[in-house]
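A closer look at the structure
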Amino acid sequence: MLLQAKSLSFAHPGQRTIHFPDFDLDSGQSLLILGNSGSGKTTLLNLLGGLLSPDSGEVVLDGVKINDLKGQKLDLFRGKNIGIVFQKPHLLAALNVRENLELAHFFGKKEGQKTIELLRELGIADKAKSSVRALSEGEAQRVSIARALANAPKLILADEPTSSLDDSNTEKVIRLLQTQASKIGAALIIVTHDQRVKQHIPNFIEVKAS
Amino acid sequence: MNLFKIAWKYLTFRPLSTGLNVFLLALGLAIITVLLLVQDQFEKKMNQDAAGIDLVVGAKGSPLQLILSSVYHIDFPTGNIPMDEAQRLSRNRLVKNVIPLALGDNYQGFRIVGTNHDYLTLYGVELEEGAAWEEPFEVVLGSEVAKKSGLTLGSEFSGSHGISVGSHDHDQHNFVVKGILFPRGNVVDRLVLTSIESVWYTHDEEGGEEEADEEGVVHEDEEAHHDHFHHPVAKTGFPQTDEEREVTTLLVQYRSPMAAVQLPRMINSGTSMQAASPSFEISRLFELLGIGITLLEGIGFILIGVSGLGIFIALYNSLKERKYDLAILRALGASSMQLVILVFLEGILLTFLGAVVGIGLGHSFLAFLISKGDPMMTSSLEPWIFLKQELWIVAYALGVGIVASAIPAWSAYQTSIAKQLTKA
């Protein structure tokens with residue numbers, strides 16, 4: 001078992017505690033986290049990525065209890081093993097496309113995947129030296145996916161990756177995430193309320209604000 | 001990819017803001033560099049050129065002018081003094097040695113100084129080639145004079161009246177170069193040295209010519225002159241003469257500390273001459289200049305302060321958009337400490353750049369001043385000497401950078417990744 005989430009709960013300051021369903025995932029498997037806005041989908045994603053620490057329960061990735069790690073160790077573990085695709089690309093405008101990917105290698109202290117090949121697989125090899133400001137929205141999203149994949153992580157987390165994309169781009173992005181995940185043997189978790197995504201990934205859990 | 005490179009990318013990503021801050025800082029540091037260099041070198045040169053001279057005696061006038069004209073050869077002489085009075089002073093028991101100077105002529109702006117061989121000893125100069133003067137109209141050139149004028153041993157030239165270029169020439173009798181001095185980095189480098197007799201005879205000839213025109217006794221007069229042109233000149237003390245002669249100033253060395261108390265008062269009140277102490281006048285000069293220097297220093301520090309504020313504001317302002325970047329870096333595995341280092345690196349890189357540009361600017365500005373300025377005033381300054389204090393300038397600039405980035409760095413340290421990335 002690559003990833004296990006057990007009896008996780010979290011309360012944002014001044015709000016009710018959210019209890020999350022348990023689940024586990026093998027490498028190469030995909031999972032959708034569905035739920036209405038405000039139900040705590042993104043919170044679950046933050047818990048899985050070690051960006052937030054749960055009030056109770058645990059996340060075990062490849063035998064390591066993420067919530068036992070602290071500070072610098074947690075940061076490094078995340079850099080090496082978890083790739084996160086955010087709702088918006090959040091590329092560093094001061095760096096070009098290739099340098100944005102190399103950031104992951106530097107901070108994750110890992111050689112990871114070859115930048116150029118990764119970009120080629122994602123169909124944006126010709127943009128390697130472009131400024132990130134010159135990219136279209138779809139291209140920027142693909143670069144941010146490439147950055148999440150750069151260190152060949154064991155777990156890929158994607159937060160509403162398709163919310164601002166059109167149908168054809170949505171399909172491309174989901175395909176891309178799935179093929180990449182199975183190529184590097186990672187588990188893929190996508191948080192979404194996008195119905196289009198469900199056609200591609202049948203496996204899902206639902207988060208309900210109870 | 002490394003932190004240094006990331007910091008550099010961020011700086012070059014905002015070239016205008018970065019450039020402005022670097023420029024402001026550099027300007028402030030350049031002012032301070034120039035002041036440091038000028039102060040250091042001026043004081044050193046001033047003290048070096050005045051070493052061994054306890055008192056300068058000359059015609060009444062401004063004591064500062066007397067010092068500037070006869071020690072540093074910058075200002076105009078105050079006038080001449082009768083030689084018999086000067087000789088009387090030299091026999092005073094408080095006086096150890098007197099070096100008479102006869103000033104008033106120049107060659108291409110380099111001053112011709114009539115004196116004796118003691119002057120060479122006073123500055124400890126040595127001959128690079130040739131020998132010291134023995135007869136009237138023989139001269140020894142300072143190294144810089146030789147270099148700039150291209151004169152060599154045996155060259156002949158005529159001096160011009162006055163101490164600046166462009167006055168009328170004494171073309172009756174040419175000076176002959178007998179020796180050239182080693183460079184010593186002091187005032188002597190820029191002087192043409194000869195005997196007092198040479199200076200006298202140069203001016204006699206003028207008078208003689210006029211006399212001849214009026215009275216028609218050219219022949220005898222000329223011969224008489226040319227006769228004593230080939231007598232050896234005085235190597236020390238005053239020249240031998242029966243006529244009533246004048247010299248311009250005397251450089252006096254005291255025999256005892258007692259002299260410092262008695263001699264100046266005696267000269268100033270008891271004779272038609274005035275006495276001035278180089279050390280006293282120079283410290284007075286620095287006091288006068290001090291106000292200007294303090295003012296410039298103030299402006300320099302204000303500029304540095306403003307640029308520090310500018311750097312702070314630039315870092316702080318960019319932090320809002322930067323917070324996403326920082327959160328992304330954290331998500332990619334960066335520790336909070338690495339982010340702190342990144343922000344500090346940016347501030348330090350910026351100020352280091354400012355320091356380097358500032359020091360370069362300061363030196364270039366000084367080099368420019370020297371190339372444009374009066375050679376007598378500025379040629380003793382060396383623009384490409386680097387002082388230890390300049391390291392302090394760099395340290396100071398880096399300090400400004402660290403202070404300016406402290407608050408932005410703290411807020412980078414506190415960035416919460418989850419909050420930043422999910423509130424978008």
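Being a predicted model, the structure only gives us computed values, none of them experimental.

Analysis parameters
- Residues numbered from 1 in each chain as written.
- Chains lettered and ligands numbered in written order.
- Predicted model: local features only at pLDDT ≥ 70, side-chain atom pairs only at ≥ 80, totals over all residues.
- Helix = DSSP H or I, 4+ residues; strand = E, 2+ residues; numbered from the N terminus.
- Rg over C-alpha atoms; globule rule 2.2 N^0.38 Å.
- Buried ≥ 20, exposed ≤ 12 C-beta atoms within 10 Å, placed from the backbone.
- Contact = placed C-beta atoms within 7 Å.
- Nonpolar A, V, L, I, M, F, W, Y, C, P; charged D, E, K, R; others polar.
- Expected span 1.5 Å × (residues − 1).
- pLDDT = per-residue confidence, 0-100.
- Pairing = 2+ DSSP bridges.
- Axes fitted to C-alpha atoms, helices over the stretch in contact; angles between N-to-C directions.
- Parallel < 35°, antiparallel > 145°, perpendicular 65-115°, else oblique.
- Left-handed = near helix turned anticlockwise from the far one by under 90°.
- Core = buried A, V, L, I, M, F, W, Y, C linked by C-beta atoms within 7 Å.

**Some words on the overall build of chain A**
Counting its regular elements, chain A contains seven helices and ten strands. Against the globule reference of 17 Å for 210 residues, chain A gives a C-alpha radius of gyration of 16 Å, in line with a compact fold. Overall, chain A is about 45 × 35 × 35 Å in size when its C-alpha atoms are taken along their principal axes. The burial tally for chain A puts 48% of its 210 residues in the buried class.

**Structural notes on the overall build of chain B**
In terms of regular secondary structure, chain B is built from 15 helices and 13 strands. When contacts within chain B are restricted to residue pairs at least 6 apart in sequence, those whose partners lie at least 24 apart make up 79%.

**Describing the interface of chain B and chain A**
On the side of chain A, 28 residues touch chain B, which itself brings 20 residues to the contact. Of all the secondary structure elements, the ones that give two or more residues to the side of chain B that touches chain A are helix H1 (3–13), helix H11 (319–331) and helix H15 (417–422) of chain B. Sort the elements by how many residues they give to the side of chain B that touches chain A and H11(B) lands first, with six residues. Across the side of chain B that touches chain A, the residue classes tally to 13 nonpolar, four polar and three charged.

**A word on helix H2 (residues 15–50) of chain B**
Given a rise of 1.5 Å per residue, 36 residues ought to cover 52 Å, and the 50 Å separating the end C-alpha atoms of H2(B) matches this to within 8%. After H2(B) finishes, the residue Gly52(B) shows a positive phi value of roughly 90 degrees.

**Considering the confidence of the model for chain B**
Residue and element names in this part refer to chain B. In the predicted model, chain B carries a mean pLDDT of 84, and 89% of its residues have values of at least 70. Under a pLDDT of 50 for its full length, residues 208–220 has, in the predicted model, seven contacts with residues more than four places off or in other chains. As a predicted assembly, this complex carries a pTM of 0.75 together with an ipTM value of 0.89.

**Some points on the sheet that holds strand S4 (residues 30–34) of chain A**
Residue and element names in this part refer to chain A. Ordered in space as S7-S8-S9-S4-S10, the five strands form an open sheet in which the pairing is parallel. In this open sheet, the two edge strands, each paired with only one partner strand, are strand S7 (82–85) and strand S10 (204–206). Along the sheet, successive strands turn relative to each other by an average axial angle of 15 degrees, direction set aside. By the bridge criterion, three bridges tie S4 to S10 in an arrangement that is parallel.

**A look at the environment of Ser17(B)**
With respect to the helices, strands and loops of the structure, Ser17(B) is situated in helix H2. The spatial distance from the C-alpha of Ser17(B) to the C-alpha of Ser277(B) is 53 Å, given a sequence separation of 260 residues.

**Some thoughts on the packing of helix H10 (residues 278–317) of chain B against helix H14 (residues 389–413) of chain B**
Residue and element names in this part refer to chain B. Running from N to C, H10 and H14 point in directions that differ by 30 degrees, and their axes come no closer than 9 Å. In terms of orientation, H10 and H14 fall into the roughly parallel class. For the pair H10 and H14, the sense of crossing is right-handed. Residue-level inspection shows Ile304, Gly308, Ile311, Phe312, Leu315 and Tyr316 of H10 in contact with H14, the latter providing Val400, Gly401, Val403, Ala404, Ser405, Ile407 and Pro408. Considering only residue class, the contact of H10 with H14 consists of ten nonpolar, three polar and no charged.

**Looking at the pairing of strand S9 (residues 175–181) of chain B**
Residue and element names in this part refer to chain B. By the criterion of burial, S9 is predominantly enclosed, with six of the seven residues buried. Inspection of the sheet shows strand S5 (residues 127–130) paired to S9 by three bridges, in the antiparallel sense. Across the sheet, residue Leu127 finds its bridge partner in S9, namely Leu181. As judged from the four bridges shared by strand S6 (residues 138–141) and S9, these two strands associate in the parallel manner. Across the sheet, residue Glu138 finds its bridge partner in S9, namely Val176.

**Quick word on the nonpolar core**
Proteins that are soluble and globular tend to have nonpolar side chains buried together. Of all hydrophobic cores here, the largest spans 109 residues; its most connected members are Ala146(A), Ile156(A), Leu157(A) and Leu29(B). Apart from residues no more than four positions distant in its own chain, Ala146(A) is found in contact with Leu101(A), Leu118(A), Leu119(A) and Leu122(A). Residues Tyr72(B), Ala146(B), Leu151(B) and Leu193(B) belong to the second largest nonpolar core, which totals 60 residues.

**Description of the packing of H2(B) against H10(B)**
In a pair of packed helices, the angle between the axes and the distance between the axes together describe the arrangement. All names here are of chain B. Between H2 and H10, the shortest axis-to-axis distance is 8 Å and the interhelical angle comes to 165 degrees. On the basis of their axis angle, the class for H2 and H10 is roughly antiparallel. In the packing of H2 onto H10, the handedness of the crossing is left-handed. Looking at the contact of H2 with H10 residue by residue, the class counts come to 21 nonpolar, eight polar and one charged.

**A word on unusual backbone geometry**
Residue and element names in this part refer to chain A. At Asp62, a residue that is not glycine, the phi angle is positive and equals roughly 55 degrees. Looking at where Asp62 falls in the secondary structure, it is placed in the loop between strand S5 (56–61) and strand S6 (64–65). With 14 C-beta atoms counted inside 10 Å, the residue Asp62 sits in the partly exposed group. A positive phi angle, close to 45 degrees, is found at Ala152, a residue other than glycine. Looking at where Ala152 falls in the secondary structure, it is placed in the loop between helix H5 (137–149) and strand S8 (155–159). A count of 19 C-beta atoms within 10 Å places Ala152 in the partly exposed class.

**Describing the environment of Leu74(A)**
Residue and element names in this part refer to chain A. Summarising the element assignment, Leu74 is placed in helix H2 (residues 71–81). Classification of Leu74 by C-beta neighbours within 10 Å gives partly exposed; the count is 19. Along the chain, Leu74 and Val85 lie eleven residues apart, while their C-alpha atoms are 18 Å from each other. The residues contacting Leu74, other than those within four sequence positions of it, are Gly50 and Leu69.

**Side note on H5(A)**
Residues and elements named next belong to chain A. Spanning 13 residues, H5 covers 18 Å between terminal C-alpha atoms, matching the ideal 18 Å at 1.5 Å per step. Burial within H5 is extensive, with ten of its 13 residues counted as buried. Turning to H5, its buried residues are Ala140, Gln141, Arg142, Val143, Ser144, Ile145, Ala146, Arg147, Ala148 and Leu149. In this fold, the buried residues of H5 make contact with S7, helix H3 (97–108), helix H4 (115–121), S8 and helix H6 (167–184).

**Points about the environment of Val59(A)**
Residues and elements named next belong to chain A. Secondary-structure assignment places Val59 in strand S5. Considering only alpha carbons, one finds Val59 and Lys110, 51 residues apart in sequence, at a separation of 23 Å. Excluding residues within four positions of it along the chain, Val59 makes contact with Ala5, Leu8, Leu47, Leu48, Ile66 and Asn67.

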